[in-house]
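Take a look at the letters that make up each chain.
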Protein chains: 2
Amino acid sequence: MKSNGGKSFEVDGVIEFIKNIETPVNAVFTQYCETSTAVLHPVAELGHALKAHDPNIYYVVDGVSCIGAVDVDLTRDDIDVLVSGSQKALMLPPGIAFVAYNDRALERFKSVKTPRFYLDLAKHHNALEKHSTPFTPNVSTFRGVIEFQKMISEEGFDNVIRRHSTIRDAVCAALKKLDLPLLVEDQYASPTVTAFVPKDEAEVKHIKSQLESQFNITIAGGQGHLKGKILRVGHMGFISPFDLLPFIAGLEMILTKYRNQSYIGIATQAFLEVVHNEI
Amino acid sequence: MKSNGGKSFEVDGVIEFIKNIETPVNAVFTQYCETSTAVLHPVAELGHALKAHDPNIYYVVDGVSCIGAVDVDLTRDDIDVLVSGSQKALMLPPGIAFVAYNDRALERFKSVKTPRFYLDLAKHHNALEKHSTPFTPNVSTFRGVIEFQKMISEEGFDNVIRRHSTIRDAVCAALKKLDLPLLVEDQYASPTVTAFVPKDEAEVKHIKSQLESQFNITIAGGQGHLKGKILRVGHMGFISPFDLLPFIAGLEMILTKYRNQSYIGIATQAFLEVVHNEI
């Protein structure tokens with residue numbers, strides 16, 4: 001099933017697609033946040049629609065680039081398995097994957113017969129019941145998880161979610177003032193990463209290289225058919241709105257010179273207005 | 001194939017065993033250091049014997065608890081695949097597995113069709129050729145590997161190996177003076193972990209609990225049929241001979257009181273004599 005870069009999947013379209021598949025559908029997998037395009041998918045809506053269509057389907061959500069910055073609830077959102085990693089909005093070094101699942105999914109893990117060793121979730125579950133792990137775990141990052149949990153408790157998880165969406169809104173407002181259109185329509189824009197579309201490939205290269213050489217700021221390019229067409233800025237985890245100011249101010253200076261048109265102070269003002277209103 | 005706890009496998013016995021299996025043998029797996037018994041196996045001798053018997057067999061060695069403290073060479077020792085981890089003699093936190101392999105093994109990885117995703121060594125090899133990894137790597141421990149490499153270069157790898165075997169010899173000499181027999185005959189004793197046999201289960205428990213409560217020293221018990229019968233002390237990685245002195249001195253004090261027989265200074269002297277002679 002193909003989808004448009006910059007748009008989320010259409011829930012009705014996914015259900016229609018599944019109905020037209022001739023072999024039985026056991027599981028549906030999706031990204032929660034599609035990092036390559038900065039799209040946030042409506043995973044809860046798809047969860048409800050899938051269960052209404054066929055309650056036996058397993059619904060597996062890859063939340064690697066947004067868990068920690070979005071409001072998700074397995075039961076409420078009809079998700080059977082939710083996956084994440086330590087290195088994104090959980091603010092830790094890479095090295096741990098997280099899996100949350102319901103009892104129905106656990107029964108399925110236990111019945112699977114395909115060969116596997118390390119990633120045998122039934123084995124991990126059995127060890128978990130004894131407060132252990134089946135193999136030597138990544139102890140240092142485990143300790144980081146405890147620290148993450150303390151930080152989130154202090155800030156309040158609702159505030160964490162609000163902080164991420166405020167930064168997203170502020171970045172989007174600033175990019176529009178810089179005549180840098182967003183790849184993603186506002187309603188699908190991820191709270192953890194924003195993609196924007198410079199004029200042409202030369203401008204893409206210029207912005208990326210000047211951010212790095214002048215301001216020591218690294219942002220990502222596009223992947224696949226979006227390579228050379230878009231740029232992506234991450235804004236998740238251990239980050240405050242003010243941490244994005246150097247990026248916006250850097251863009252103002254780079255584009256003022258490159259396009260010979262003054263942007264100085266315009267995008268940062270738009271950015272700060274959003275932050276001031278939303279926080 | 002069963003082997004005696006406390007002894008290494010017998011190379012001739014392994015070859016005989018393989019000859020008597022009716023189905024074709026594609027691969028032979030062994031631990032290099034069997035951590036549960038503190039035995040170091042003669043992996044090079046088995047490598048030579050396996051290749052002499054059938055050069056098509058793949059020889060896979062698990063070196064998790066000794067790589068970094070032993071002299072190993074894939075070509076010289078006829079090993080096809082050698083595995084290790086970051087958290088033992090490589091002195092790093094857990095979180096990275098290491099795999100060394102030859103071209104023949106690589107060809108085999110590429111031809112395997114069983115389902116796998118993360119641990120697809122062919123995929124990892126392709127990424128390696130581009131100086132990359134197929135998935136987000138454990139960056140913090142990667143940086144530790146670079147630091148480990150610097151430390152080993154400074155000390156000299158031959159000295160690292162000698163340091164480990166000196167500690168092993170000194171620990172063994174001290175334990176004998178404490179009337180604590182070794183589980184493993186000297187010729188099979190691992191340079192990274194030593195197992196010893198207290199008088200009975202009560203003494204095992206007493207030694208372990210007193211080391212912890214009086215001296216804050218943690219050592220390991222036995223596994224499987226050796227549970228309650230042996231104790232194991234690790235001595236690998238970022239460690240000098242003197243780091244073992246508190247363990248030996250603590251044992252002297254615990255046993256002097258428990259057995260009502262004076263060991264004070266006797267085991268530490270034996271320990272230091274070995275260190276003095278070998279370093």
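Residues numbered from 1 in each chain as written. Chains lettered and ligands numbered in written order. Predicted model: local features only at pLDDT ≥ 70, side-chain atom pairs only at ≥ 80, totals over all residues. Heavy atoms only, no water.

*Asks:* Where do I start with the overall build of chain A in this structure?
*Replies:* A count of helical and extended segments in chain A gives nine helices and nine strands. Against the 2.2 N^0.38 benchmark of 19 Å for 279 residues, chain A shows a C-alpha radius of gyration of 21 Å, consistent with a compact globule. Principal-axis analysis of the C-alpha atoms gives chain A an extent of 65 × 45 × 35 Å. Among the 279 residues that make up chain A, the fraction classed as buried is 44%. Pairs at least 24 apart in sequence give 61% of the contacts found in chain A among residues at least 6 apart. (Helix = DSSP H or I, 4+ residues; strand = E, 2+ residues; numbered from the N terminus. Rg over C-alpha atoms; globule rule 2.2 N^0.38 Å. Buried < 20%, exposed > 50% of the residue type's maximum accessible area, 1.4 Å probe, protein only. Contact = heavy atoms within 4.5 Å.)

*Asks:* Any chance you could explain the sheet that holds strand β7 (residues 193–196) of chain A here in plain terms?
*Replies:* Strand pairing in a sheet relies on backbone hydrogen bonds, with the paired strands running either antiparallel or parallel. Residue and element names in this part refer to chain A. With antiparallel pairing, three strands are arranged side by side in an open sheet as β7-β9-β8. Each end of this open sheet is capped by a strand with a single partner; those strands are β7 and β8 (220–221). The sheet contact formed by β7 and strand β9 (residues 231–234) spans four bridges and is antiparallel. Looking at the pairing, Thr194 lines up with Val233 of β9. Packed onto the sheet, helix α6 (residues 157–177) meets β7 and β9 and runs at close to 15° relative to β7. (Pairing = 2+ DSSP bridges. Axes fitted to C-alpha atoms, helices over the stretch in contact; angles between N-to-C directions.)

*Asks:* Would you mind showing me how to read the packing of aromatic side chains here?
*Replies:* Any pair of aromatic rings gets described here by the distance separating the centres and the angle formed by the planes. Overall, the coordinates contain eight aromatic pairs over all chains when judged by the stated rule. Between the aromatic rings of Tyr118 of chain A and Phe135 of chain A, the centroid separation amounts to 4.9 Å while the plane-to-plane angle is 25°, which identifies the pairing as stacked. You can see Tyr118 of chain A sitting in the loop between α3 (103–111) and α4 (121–129) and its partner Phe135 of chain A sitting in the loop between α4 and α5 (139–155), a full 17 residues away along the chain. Each ring, one from Phe196 of chain B and one from Phe247 of chain B, has its centre 6.3 Å from the other, and the planes form 55°; the classification is tilted. Here Phe196 of chain B, found in strand β7 (residues 193–196), pairs with Phe247 of chain B, found in helix α8 (residues 245–259); they are 51 residues apart in sequence, far enough to count as distant. On the basis of relative accessible area, Phe196 of chain B is assigned to the buried category, the value being 0%. For Phe247 of chain B, a relative accessible area of 3% gives the class buried. Its guanidinium or amino end placed over the ring of Tyr58 of chain A, Arg104 of chain A lies 4.1 Å from that ring's centre, counting from NZ or CZ. (Phe/Tyr/Trp six-rings, centres within 6.5 Å; stacked < 30°, edge-to-face > 60°. Lys NZ or Arg CZ within 6 Å of the ring centre and 35° of its normal.)

*Asks:* How should the pairing of strand β1 (residues 27–31) of chain B be read in this particular structure?
*Replies:* Along a regular strand, successive side chains alternate from one face of the sheet to the other. All names here are of chain B. Burial along β1 is one-sided: the residues Val28 and Thr30 are buried and none of Ala27, Phe29 and Gln31 is. Where β1 and strand β4 (residues 58–62) come together, five bridges link them in parallel fashion. When the bridges of β4 are listed, Val28 appears paired with Tyr59.

*Asks:* Would you explain a nonpolar patch on the surface in this entry?
*Replies:* Together, Met1, Phe17 and Ile21 of chain A give the surface a local cluster of nonpolar side chains, amounting to about 280 Å² of exposed area. Within the secondary structure, Ile21 of chain A is located in the loop between α1 (11–19) and β1 (27–31). (Patch = residues over 30% accessible without salt bridge, like charges linked within 9 Å, V, L, I, M, F, W, Y side chains within 5 Å. Areas by Shrake-Rupley, 256 points an atom, 1.4 Å probe, with all protein chains shown as cover. Salt bridge = Lys/Arg side-chain N within 4 Å of Asp/Glu carboxyl O.)

*Asks:* Sorry if this is basic, but what is going on with the sheet that holds strand β8 (residues 220–221) of chain B here?
*Replies:* All names here are of chain B. If you trace the three strands from one edge of the open sheet to the other, you get β7-β9-β8, paired in antiparallel fashion. Two strands close off the open sheet at either side, each with one partner strand: β7 and β8. Summarising the sheet, β8 and strand β9 (residues 231–234) pair through two bridges and their orientation is antiparallel. Of the residues in β9, the one forming a bridge with Gly221 is Leu231. Against the sheet, helix α6 (residues 157–177) makes contact with β7 and β9, and its axis sits at roughly 15° relative to β7, the strand it touches most.

*Asks:* When you look at the nonpolar core in this model, what are you seeing that I'm missing?
*Replies:* Generally speaking, soluble globular proteins have nonpolar side chains that are buried together. Counting 36 residues, the largest nonpolar core has Tyr32, Leu46, Leu50 and Tyr59 of chain B as its most contacted members. Listed by contribution, the elements that provide at least two residues to this core are α1 (11–19), β3 (39–40), α2 (43–53), β4, α5 (139–155) and β7 of chain B. In terms of domain composition, this core takes at least three residues from each of domain 1 (11–155) and domain 2 (158–277) of chain B. Apart from residues no more than four positions distant in its own chain, Leu46 of chain B is found in contact with Phe9, Val11, Val14, Ile15 and Tyr59 of chain B. With 34 residues, the next largest nonpolar core counts Leu46, Cys66, Val160 and Ala195 of chain A among its residues. (Core = buried A, V, L, I, M, F, W, Y, C linked by side-chain atoms within 4.5 Å. Domains from an automatic or database assignment.)

*Asks:* Please clarify how the domain arrangement of chain A should be interpreted in this entry.
*Replies:* Accessible area lost upon the coming together of the parts serves often as the stated size of an interface. Residue and element names in this part refer to chain A. Taken domain by domain, chain A consists of domain 1 (11–155) and domain 2 (158–277). Measuring from the centre of the C-alpha atoms in domain 1 to the corresponding centre in domain 2 gives 29 Å. Contact with domain 1, which involves 19 residues of that partner, is made by 22 residues of domain 2. Summed over both sides, the interface of domain 1 with domain 2 buries roughly 1600 Å², with 67% coming from carbon and sulfur. At the junction of domain 1 with domain 2, the criterion picks out one salt bridge. Between Arg163 and Glu155 there is a salt bridge whose closest N-O contact spans 2.7 Å. Where the side of domain 1 that touches domain 2 is concerned, the elements lending two or more residues are β3 (39–40) and α5. Residue composition of the side of domain 1 that touches domain 2, by class: eleven nonpolar, five polar and three charged. (Buried area = accessible area lost by both parts, 1.4 Å probe. Nonpolar A, V, L, I, M, F, W, Y, C, P; charged D, E, K, R; others polar.)

*Asks:* Even after reading the chapter, I still don't get helix α3 (residues 103–111) of chain B, so can you show me in this structure?
*Replies:* Helical geometry: 3.6 residues make up each α-helical turn, so side chains three or four residues apart lie on a common side. All names here are of chain B. By the burial criterion, the buried members of α3 are Ala105, Leu106 and Phe109. On an axial view of α3, the arc spanned by its buried residues comes to 100°, and they lie on one face. In the core, the buried residues of α3 are packed alongside β4, β5 (81–85), β6 (97–101) and α4 (121–129). (Arc of directions from axis to C-beta.)

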